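Descriptive analysis of the structure
Below are the chains, spelled out letter by letter.
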Amino acid sequence: MQQLTTHHLEYAWQQAWTHGDVSALTDLMAPDYRRVSRSSGATLTAAELEEEILSIRQGFPDIETTIDSLVAEEERLVVFWSTRGTHTESFLGVPPTGRTVKTYGTNLITLHDGQIVHEEVTWDGTEMLHSLGIRHLSDAGSPVQPVRTDDLSGSPDPEILKTFNRQFVTGVTVVTTQDDEGRPRGLAVNAYTSVSLEPPLVLVCIQKSSSTYPALFSATHLGINILGTRQRETIATFASKASDKFASVDWHPAPAGSPLIDGSPASLEAEIRDRFQAKTHTVFICRVGHAEVTDADPMLYKAGSFFDSDGLTQI
Ligand SMILES: Cc1cc2nc3c(=O)[nH]c(=O)nc-3n(C[C@H](O)[C@H](O)[C@H](O)COP(=O)(O)O)c2cc1C
């Protein structure tokens, strides 16, 4: 190594990742520099790497990166690094969760004439991304984009699907949580499904445009209340955008604090285990930890109207 010392690289690395001065790092790169991800095969140029660093720093403004070990051997360097940051700003379309994540990686750097010409990155970000509800990064490279599900566009047209959904009879739930300041939040949801009994898993689908969504996304637990025939007004409240929907209902906190609405035929509290991104909605997969059941009759929902489930004829 002639023009590039390990000390120089460490300094530039810190400048770029911890302080956002990305050119300090990319100035060390040859014009034909390429960075290849071993897991996805994606290749970035120096300019694309700059964009990626800035995009990550935007989502995790307090990011701090450390070079844990650096091995130099003629024209090759191996950098073992770790990074810690708090997800306080939107990242890849995921609203801030407030979570601090730590992740580790290894870069194999090839030098030529004292400049970095090639870099091979081994980084398993699965756990970190998983904790933010993102399954994996796209192969597309920069700026980093989440691959969340398969391409969901196409037929049938929404009108047909709407008509299809109107033929499906469901109950109605109110999904609840607490916001950052401990205030109860909730919305009406009929996209509830029991997933399995062992383990006790349930799911709900929540639109990202809901004002309850940011609180739900960053919560560890949520409540699901199955509403009854005597709670017609309650459902109207929770289907609205009222600022304090809990002002007009009695409720009590479940063991982990999720609001459970008094008088509901059944209520549960569950720990959020997975958050699958599906374009406009997030599918929350949750493990049930607490359930309460009464003999009140549940409300039915069909084609935009609510019905009494008492006195139904069995066929
Ligand atoms: C019967 C019924 C079922 C609903 N199901 C869902 C649902 O499954 N997921 C969802 O995100 N919104 C659902 N909504 C819509 C929300 O309750 C509604 O948009 C509400 O105003 C959101 O309130 P927020 O923005 O204060 O969270 C449903 C509404 C009704 C009336």
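Just above, that's the structure.
Model, not experiment: these values are computed from the prediction.

Re the environment of W251
Structurally, W251 can be placed in strand β14 (residues 251-253). Judged by its relative accessible area of 32%, W251 is partly exposed. A C-alpha to C-alpha distance of 4.9 Å links W251 and D262, two positions 11 residues apart in sequence. When neighbours within four sequence positions are excluded, W251 is seen to be in contact with P184, F246, P259, L260, I261 and D262.

A word on the pairing of strand β4 (residues 76-86)
Here strand β3 (residues 64-73) runs beside β4; their pairing, made up of 9 bridges, is antiparallel. In the sheet register, T65 faces β4, and the bridge partner there is T83. Between β3 and β4, which pair antiparallel in sequence order, lie 2 residues; one of them, E74, sits at a positive phi of approximately 45°. Sheet analysis places β4 next to strand β5 (residues 100-112), joined by 11 bridges and oriented antiparallel. Residue W81 lies in a different strand from β5, and its bridge partner there is G105.

A closer look at the site of the ligand
Around the ligand sit 18 residues, and of these A188, S210, S211, T212 and K241 come closest. A distance of 2.8 Å separates an oxygen atom of the ligand from a polar atom in the backbone of Q207. In isolation the ligand exposes 650 Å². Once the protein is present, 85% of that is buried. Because more than half of its atoms lie within 2 Å of the grid, the ligand is assigned to the largest pocket. For the shell around the ligand, the elements supplying multiple residues, two or more each, are β10 (184-189) and β12 (201-207). Across the shell around the ligand, the residue classes break down as 10 nonpolar, 6 polar and 2 charged.

Examining the side chain of Q15
Following the sequence through the fold, Q15 ends up in helix α1 (residues 6-19). Take Q15: its relative accessible area is 17%, and that puts it in the buried class. Once residues within four sequence positions are removed from consideration, Q15 is found in contact with G20, D21 and A24.

Looking at the packing of α1 against helix α3 (residues 46-59)
Packing of α1 against α3 brings their axes to within 9 Å, and their N-to-C directions diverge by 45°. Accordingly, the angle class assigned to the pair α1 and α3 is oblique. Of the residues in α3, those touching α1 at A16, W17, T18 and H19 are I53, I56 and R57. For the contact of α1 with α3, the residue count by class is 4 nonpolar, 2 polar and 1 charged.

With respect to the packing of aromatic side chains
What characterises a pair of aromatic rings is the spacing of the ring centres plus the angle enclosed by the ring planes. Applying the stated criterion to the full structure yields 7 aromatic pairs. On the numbers, 6.5 Å between centres and 70° between planes, the contact of Y213 with F284 is edge-to-face. Note that Y213 is positioned in helix α6 (residues 213-218) and F284 in strand β17 (residues 281-293), a separation of 71 residues in sequence. With a centroid separation of 5.7 Å and 75° between ring planes, the pair formed by F246 and W251 is classed as edge-to-face. The ring centre of F217 lies 5.2 Å from the NZ or CZ of R275, which sits over that ring.

A look at the pattern of salt bridges
Inspection of the entire model under this criterion finds 6 salt bridges. Here R38 ties to E120 by a salt bridge, and the two come within 3.0 Å at their closest N and O atoms. Of this pair, R38 sits in the loop between β1 (29-37) and β2 (43-44) while E120 sits in strand β6 (residues 115-123), and the two are 82 residues apart along the sequence. Taking relative accessible area as the criterion, R38 reaches 57% and is therefore assigned exposed. The structure contains a network of salt bridges with shared partners spanning D179, E181 and R183.

Focus: the sheet that holds β5
Within a sheet, each strand pairs with its neighbour through backbone hydrogen bonds, oriented either parallel or antiparallel. Taken together, the 6 strands give an open sheet; going across it, the order is β2-β1-β6-β5-β4-β3, and neighbouring strands pair in mixed fashion. One side of each edge strand has no neighbouring strand; the edge strands of this open sheet are β2 and β3. Packed onto the sheet, α1 meets β3, β4, β5 and β6 and runs at close to 155° relative to β3.

Structural notes on the layout of surface pockets
Of the pockets and cavities examined, the largest pocket occupies roughly 1100 Å³. Taken together, the elements giving at least two residues each to the lining of the largest pocket come down to α5 (158-166), β10, β11 (192-196), β12, α7 (232-238) and β18 (299-302). The element best represented in the lining of the largest pocket is β12, accounting for 4 residues. Along the lines of polarity and charge, the residues of the lining of the largest pocket split into 18 nonpolar, 12 polar and 6 charged.

Cut-offs used in this document
Residues numbered from 1 in each chain as written. Predicted model: local features only at pLDDT ≥ 70, side-chain atom pairs only at ≥ 80, totals over all residues. Heavy atoms only, no water. Helix = DSSP H or I, 4+ residues; strand = E, 2+ residues; numbered from the N terminus. Buried < 20%, exposed > 50% of the residue type's maximum accessible area, 1.4 Å probe, protein only. Contact = heavy atoms within 4.5 Å. Pairing = 2+ DSSP bridges. Near = heavy atom within 4 Å. Polar contact = N/O pair within 3.5 Å; in protein donor to acceptor, adjacent residues only side chain to side chain. Areas by Shrake-Rupley, 256 points an atom, 1.4 Å probe, with all protein chains shown as cover. 1 Å grid on protein atoms, 1.4 Å probe; cavity = no way out; pocket = protein on both sides within 12 Å on 5 of 7 lines; lining within 4 Å. Sits in = over half its atoms within 2 Å of the grid points. Nonpolar A, V, L, I, M, F, W, Y, C, P; charged D, E, K, R; others polar. Axes fitted to C-alpha atoms, helices over the stretch in contact; angles between N-to-C directions. Parallel < 35°, antiparallel > 145°, perpendicular 65-115°, else oblique. Phe/Tyr/Trp six-rings, centres within 6.5 Å; stacked < 30°, edge-to-face > 60°. Lys NZ or Arg CZ within 6 Å of the ring centre and 35° of its normal. Salt bridge = Lys/Arg side-chain N within 4 Å of Asp/Glu carboxyl O. Points joined across faces, edges and corners; volume = space filled by probe spheres on them.

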